[in-house]
Amino acid sequence: MTPRFTEAGPGDVPLSVLEPATLDEWVAGQPARIAAWVRATGFAAGAGETCLCPDTDGGIAAVLCGLGDAGARARARFTVARAAAVLPSGSYMLTEGLDPRDRDEAALGWLLAGYRFDRYNAAPPAAAHLVAPEGVDAARLEAIAAGEFLTRDLINTPASDLGPDALEAAFRALGAAHGAEVAVISGDDLLAANFPMIHAVGRASDQAPRLLDLRWGRDGDPTLTLVGKGVCFDTGGLNIKPAASMGLMKKDMGGAATVMGLAQTIMELGLRLRLRVLVPAVENSISAGAFRPQDILTSRKGLTVEINNTDAEGRLVLADALALADEEAPDCLICMATLTGAARVALGPDLPPFYTDDDTLADALARAADRVRDPLWRMPLFAPYETMIEPGIADLDNAPKGGFAGSITAALFLRRFVERTSRFVHFDIYGWRPEAAPGRPKGGTGQGARAILDALPEILKS
Ligand code: BES
Ligand code: MN
Ligand code: ZN
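Residues numbered from 1 in each chain as written. Chains lettered and ligands numbered in written order. Predicted model: local features only at pLDDT ≥ 70, side-chain atom pairs only at ≥ 80, totals over all residues. Heavy atoms only, no water.

Just to check I follow, could you spell out the sheet that holds strand E11 (residues 296-298) for this structure?
Working definition: the strands of a sheet are paired by backbone hydrogen bonds and lie parallel or antiparallel to each other. Spatially, the three strands line up as an open sheet ordered E11-E12-E16, and their pairing is mixed. Of all strands in the sheet, those bounded by a partner on one side alone are E11 and strand E16 (396-397). Of the strand pairs in this sheet, strand E12 (residues 304-306) and E16 are connected by two bridges, and their pairing is parallel. Bridging from a neighbouring strand, Val 305 pairs with Leu 396 of E16. (Pairing = 2+ DSSP bridges. Helix = DSSP H or I, 4+ residues; strand = E, 2+ residues; numbered from the N terminus.)

This is the structure we're talking about:
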């Protein structure tokens, strides 16, 4: 499924976006018939309200779409996209009522509302199509939506069809589609190549653990490395998760899915940068060979790690991948992971925290998040909590006792593996929508990718 705007044509239905404050003025400028209809239907331009206005032959003359007042707009995203789901089949053209920022969001939201996860059953395709509104960069929005669709598909696909083997296949397909180089280190080769923690976490699965590595772009351009947690299923390992917590763990490769979606967008747009994508792809499974509580692992970087909970596996596989990324000190290093339940407790499912020491990078991300309405929240790498990740008989503890500040201590753990790269940022994402919202069905969802994309020019400026 490829998200696309439709070509303009004579039968396009005009769609006006209206807000309560200016509705009366708008109605006053309409023919009496339309004005009477709008009043009769009770349309008040509230957020997500739609009104179909008939022409004299019984067809649809125009569609009105409510944006709500300023307060409603601050609370909701993709308000106009709600119309995409409820309008009858046809082509629609946004004619008035949106400033450039809202227009971009409305157009993107419409494309995103066309997503269907139809791998396991047929879903009727989107019926209401949108002509690219004047002033939007249609190709860019289509590339963003296509990246998001890839992310959603990968997250929604269960582990029965998306174990490490299939994630590798998807990764190779992504590289092949854009002329990127892909290298993969699997199974015991991980030990020979010094990725001991990726191996330890993934070795109990029937599908070998592996490190996926993609490179794309021209030498000499600014370098960006994306690292994504690719735990295809997280049982918790020997510290097995209770049923309720395990229920959603097909999504534990959400970081990998998000960086792969972002990489696809970047390559599709042909951005001037040198991209590397690293995904440790494993299944945190249970068998006689599984790693155990109190094992001490020596990481790629040489730091020793005491395992105090096999369910804190994400930081282990990421640590080895980040250490590799850091060896070539890219201009910017971005890590995305469904890393902790604590991040959800702190900020809920829709507001991913990010961590960085670089204030300029943090400001660029926060401003971009606001600009493109892809919410993010900076959280602190609070130095006094470093002692929580130091167990005594090894350099690091993967699961501090007490569980205080779980998202922060996980971020502090990752930072120990990044020394040479000054612009490093880690996102503790959720990757899932618990309920459907306009443009975003229930299920896998990208987070942060659009903000990162928008911030890139600023981030990669030396
Ligand atoms: N994949 C989970 C984190 C997670 C859980 C993300 C639920 C989103 C929703 C991760 O591997 C994990 O199990 N983390 C533990 C760490 C703890 C044992 C220190 C957690 O957050 O409970
Ligand atoms: Mn876990
Ligand atoms: Zn996990």
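Any chance you could explain the nonpolar core here in plain terms?
A general tendency of soluble globular proteins is for nonpolar side chains to be buried together. Within the largest apolar cluster, 83 residues are counted, with the highest numbers of intra-cluster contacts made by Trp 110, Leu 167, Leu 224, Leu 275 and Phe 427. When residues of this core are assigned to their parent elements, the largest contribution, eight residues, is made by helix H11 (residues 254-269). When neighbours within four sequence positions are excluded, Leu 224 is seen to be in contact with Ile 266, Leu 273, Arg 274, Leu 275, Arg 276, Cys 332, Ile 334, Leu 456 and Leu 460. (Core = buried A, V, L, I, M, F, W, Y, C linked by side-chain atoms within 4.5 Å. Buried < 20%, exposed > 50% of the residue type's maximum accessible area, 1.4 Å probe, protein only. Contact = heavy atoms within 4.5 Å.)

I would appreciate a short explanation of the site of ligand 1 in the present structure.
By nearness alone, 17 residues border ligand 1, and Lys 241, Asp 252, Asp 311, Glu 313 and Gly 341 come closest of all. Isolated, ligand 1 exposes 520 Å² of accessible area, and the fraction of that covered by the protein chains is 79%. A per-class count over the shell around ligand 1 returns five nonpolar, four polar and eight charged. (Near = heavy atom within 4 Å. Areas by Shrake-Rupley, 256 points an atom, 1.4 Å probe, with all protein chains shown as cover. Nonpolar A, V, L, I, M, F, W, Y, C, P; charged D, E, K, R; others polar.)

Is there a simple way to think about the coordination of the manganese ion (ligand 2) in this case?
Reference values for coordination geometry: four tetrahedral donors around a metal ideally subtend 109.5 degrees, six octahedral donors ideally subtend 90 or 180 degrees. In the first shell of the manganese ion (ligand 2), the protein supplies Asp 234 (OD), Asp 311 (O), Asp 311 (OD) and Glu 313 (OE), at 2.0 to 2.2 Å from the metal. Around the manganese ion (ligand 2), the six donor atoms sit at angles spanning 72 to 169°, and that spread fits a shape best called irregular. Taken as a pair, the manganese ion (ligand 2) and the zinc ion (ligand 3) lie 3.1 Å from each other and share Asp 234 as a ligand. You can see Asp 234 sitting in strand E9 (residues 230-234) and its partner Glu 313 sitting in the loop between E12 and helix H12 (314-327), a full 79 residues away along the chain. (Donors = N, O, S within 2.8 Å, 3.2 Å for Na, K, Ca; no water. Tetrahedral: all angles 85-135°; square planar, octahedral: opposite > 155°, others 65-115°.)

Would you take a moment to explain the side chain of Lys 229 for this structure?
Within the secondary structure layout, Lys 229 lies in the loop between strand E8 (223-228) and E9. By relative accessible area, which is 2% here, Lys 229 ends up buried. For Lys 229, the side chain forms a polar contact with the main-chain oxygen of Thr 338, separated by 3.0 Å. (Polar contact = N/O pair within 3.5 Å; in protein donor to acceptor, adjacent residues only side chain to side chain.)

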